[in-house]
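Secondary and tertiary structure notes
Listed below, chain by chain, are the residues.
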Amino acid sequence: MTSLPITYTINGGSPITFNWTGNLAPCANVAVVLPGFTAPTGQFTLCAFTGLTGDVDNRNDTTCVDLLGIPLINPNPSYCDNFESGNIGWYNVIEQGGTPGNNWELGLPAFGGTNSAFSGVNAWDINLTTGYTNNANTSLYSPFFDFSAIANARIEFYINYDTELNWDGARLEYTTDGGTTWTILGTGPNPTADPCGINWYNDNAINADNLPAWAGLSNGWVKVGYKLCCTTGLLSNATPIQ
């Protein structure tokens, strides 16, 4: 086979057809790259199917996959998300070496010390209804942010945590190069608290990785914040920040 019409739809919308050309031997397979398209923000379903003339068995002609469109957000003058409108582009990843079954989930937390949302009924939590297990290592990635026209900014959010004291915790990292490198935002509390942060990390170096984190039990939701102008390269940067 040297050519094949392929049609795809996004969220069941209008079908788009293009013609694949190449060489496909009997019983072989080949990777097909779809033409470029603008992904919708948030979760969406992409379905693709072939239209080969003379094919009498169409049971294996269609494949569908659920994807997530990651938006570029301009937080000028401000941006706020309480997650009550669903997921607009956050995504979770079990990092290398992390135990399966431990991952960030969006919904109503209902286990241990993390058993509520700060507002409404939605929050991101590692395992909404169960505790995390040994060697859990999972990350929650934000959408991209356009800070190119912002010279002064602050990040604030509410956090509720219940981790093994001195061993496990959470921290905030950022990237200015599309994820090639990641930098920890802020420093730990000792010998003095980070002057740019409010309630920013309560442990200098948890035993799990010897890095600063929020660790132990917060006893409910705590407001934390950080002045982004304290960090070189974040603001007035033409590269999207994550």
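Computed from a prediction, not measured in an experiment: that's the story for all the values here.

**What to know about the overall build of the protein chain**
- Across its full length, the protein chain holds zero helices and 17 strands.
- In terms of C-alpha radius of gyration, the protein chain reaches 22 Å, well past the compact-globule figure of 18 Å for 242 residues.
- With the C-alpha coordinates aligned to their principal axes, the bounding extent of the protein chain is approximately 75 × 40 × 35 Å.
- Within the protein chain, the proportion of its 242 residues that are buried is 33%.
- Residue pairs in contact within the protein chain that sit at least 24 positions apart in sequence constitute 60% of those at least 6 positions apart.
- When the accessible surface of the protein chain is summed, it comes to about 14,200 Å², and 53% of that surface belongs to carbon and sulfur atoms.
- For the protein chain, the separation between the mean place of its 5 positive charges and that of its 19 negative charges on side chains is 10 Å.

**Section: the sheet that holds strand 4 (residues 62–69)**
- The strand order 2-1-3-4 describes an open sheet built from four strands, whose pairing is antiparallel. Looking at which strands have only one partner, the edges of the open sheet turn out to be strand 2 (16–21) and strand 4. Across the sheet, the axes of successive neighbouring strands diverge by a mean angle of 25°, strand direction being ignored.
- Two strands pair when backbone bridges link them, and strand 1 (residues 3–10) and strand 2 are joined in this way by six bridges, in the antiparallel orientation. Considered in strand 2, the bridge of Thr 7 is made with Thr 17.

**Focus on the sheet that holds strand 15 (residues 197–198)**
- Taken in spatial order, the three strands line up as 11-17-15 in an open sheet, and their pairing is antiparallel. This sheet does not close on itself; its edge strands, each paired only once, are strand 11 (154–159) and strand 15.
- Here six bridges tie strand 11 to strand 17 (residues 222–227), and the two strands are oriented antiparallel to one another. Considered in strand 17, the bridge of Arg 154 is made with Lys 227.

**Quick word on the pattern of salt bridges**
- For the structure on display, the rule yields three salt bridges.
- Between Asp 209 and Arg 171 there is a salt bridge; the shortest N-O distance is 3.0 Å. On the criterion of sequence distance, the pair formed by Asp 209 in the loop between strand 15 and strand 16 (214–215) and Arg 171 in the loop between strand 12 (169–170) and strand 13 (173–174) is long-range, its members being 38 residues apart.
- A relative accessible area of 35% places Asp 209 in the partly exposed class.
- Ionic contacts of the salt-bridge type, sharing partners, join the residues Arg 154, Glu 156 and Lys 223 into one network.

**What to know about the state of the cysteines**
- According to the stated counting rule, one finds two disulfides in the structure shown.
- A sulfur-sulfur distance of 2.0 Å marks the disulfide that ties Cys 47 to Cys 64. Sign of the S-S torsion, about 110° for the bond between Cys 47 and Cys 64, identifies this disulfide as right-handed. On the criterion of sequence distance, the pair formed by Cys 47 in strand 3 (residues 42–50) and Cys 64 in strand 4 is long-range, its members being 17 residues apart.
- Classification of Cys 47 by relative accessible area gives buried; the value is 17%.
- Regarding the disulfides, the protein chain carries the connectivity 1-2, 3-4 under sequence-order numbering of its bonded cysteines.

**Focus: the nonpolar core**
- By size, the foremost hydrophobic cluster in this structure holds 19 residues, and its most contacted members are Phe 147, Leu 185, Trp 200, Trp 214, Leu 228, Leu 234 and Leu 235.
- Those residues in contact with Trp 200, other than ones at most four positions away along the chain, are Phe 157, Leu 172, Leu 185, Gly 186, Thr 187, Trp 214, Val 224, Gly 225 and Tyr 226.
- If you look at the next biggest cluster of nonpolar residues, it comprises nine residues, including Phe 18, Trp 20, Leu 24 and Phe 44.

**Regarding the side chain of Glu 95**
- As for its placement among the helices and strands, Glu 95 is situated in the loop between strand 6 (91–94) and strand 7 (104–107).
- When residues no more than four places from it in sequence are discounted, the contact partners of Glu 95 are Asn 137, Thr 138, Ser 139 and Tyr 141.

About the thresholds
Residues numbered from 1 in each chain as written. Predicted model: local features only at pLDDT ≥ 70, side-chain atom pairs only at ≥ 80, totals over all residues. Heavy atoms only, no water. Helix = DSSP H or I, 4+ residues; strand = E, 2+ residues; numbered from the N terminus. Rg over C-alpha atoms; globule rule 2.2 N^0.38 Å. Buried < 20%, exposed > 50% of the residue type's maximum accessible area, 1.4 Å probe, protein only. Contact = heavy atoms within 4.5 Å. Areas by Shrake-Rupley, 256 points an atom, 1.4 Å probe, with all protein chains shown as cover. Lys, Arg positive; Asp, Glu negative; His and termini not counted. Charge placed at Lys NZ, Arg CZ, Asp CG, Glu CD. Pairing = 2+ DSSP bridges. Axes fitted to C-alpha atoms, helices over the stretch in contact; angles between N-to-C directions. Salt bridge = Lys/Arg side-chain N within 4 Å of Asp/Glu carboxyl O. Disulfide = S-S within 2.5 Å. Core = buried A, V, L, I, M, F, W, Y, C linked by side-chain atoms within 4.5 Å.

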